[in-house]
Amino acid sequence: MITGRCFCGHVRYEVRGTPFHETLCHCEDCRRAAGAPIVGWFTCRPHELVWTAGAPKTWASSNGVTRSFCGDCGTSFTYARSDLDEVDVTIASLDKPEDVPPRDHTRHRGRIAWIDRLAELGAYPVAREDDAA
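Conventions and cut-offs
- Residues numbered from 1 in each chain as written.
- Predicted model: local features only at pLDDT ≥ 70, side-chain atom pairs only at ≥ 80, totals over all residues.
- Heavy atoms only, no water.
- Helix = DSSP H or I, 4+ residues; strand = E, 2+ residues; numbered from the N terminus.
- Buried < 20%, exposed > 50% of the residue type's maximum accessible area, 1.4 Å probe, protein only.
- Contact = heavy atoms within 4.5 Å.
- Core = buried A, V, L, I, M, F, W, Y, C linked by side-chain atoms within 4.5 Å.
- Pairing = 2+ DSSP bridges.
- Axes fitted to C-alpha atoms, helices over the stretch in contact; angles between N-to-C directions.

A few words now on the environment of I2. Looking at where I2 falls in the secondary structure, it is placed in strand β1 (residues 2-5). Take I2: its relative accessible area is 18%, and that puts it in the buried class. The spacing of I2 and E14 is 12 residues in sequence and 5.6 Å in space, taken between C-alpha atoms. In contact with I2, not counting residues within four places along its chain, are Y13, E14, V15, G17, P19, L94 and V100.

Structure below.
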């Protein structure tokens, strides 16, 4: 079973099905809604997503689209279009996000230009050396 939660732990969920459409979305709407340069999503059927603790808040982010998030800490959870029988769930809200790796990039045309250089950036195991003190 796939489980997830928000940052503060107030809202928890289970996905009782097999994820599909595992992707990294680069569209401006997703970036702004999550406050992140890329948003990882997987898709499931609405009846397979069960809220097991608390309940997320929802908002209509655009015509026919509803997003959900934790009303206490702001963690983004879902994206759902009214014309589809599916819901997208944020991979980063999973308890084990490594269990649902993305398989592709979507809306890649809308990516932030520096995304293509991520592999070139320095990587620190914990923090930058000058911040480690």
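Inside soluble globular proteins, nonpolar side chains tend to come together where they are buried. Core analysis: the biggest nonpolar cluster contains 15 residues, and Y13, V15, F42, L49 and L94 have the highest contact counts within it. When residues of this core are traced back to their parent elements, those giving at least two are β2 (12-15), β4 (39-44) and β9 (87-90). Discounting residues that sit within four places of it in the chain, F42 has contacts with V15, P19, F20, H21, E22, V87, D88, V89, T90, I91, L94 and V100. If you look at the next biggest cluster of nonpolar residues, it comprises 7 residues, including C25, C27, V39 and W41.

Moving on, we get to the sheet that holds strand β10 (residues 104-106). Taken in spatial order, the 7 strands of this open sheet run β6-β7-β8-β9-β4-β3-β10, and their pairing is mixed. Among the strands making up the open sheet, the edge pair consists of β6 (57-62) and β10. Between one strand and the next, the sheet's axes are offset by a mean angle of 30°, whatever the strand orientation. Alignment of strand β8 (residues 76-81) against β9, held across 2 bridges, turns out to be antiparallel. Looking across to β9, one finds that Y79 is bridged to D88.

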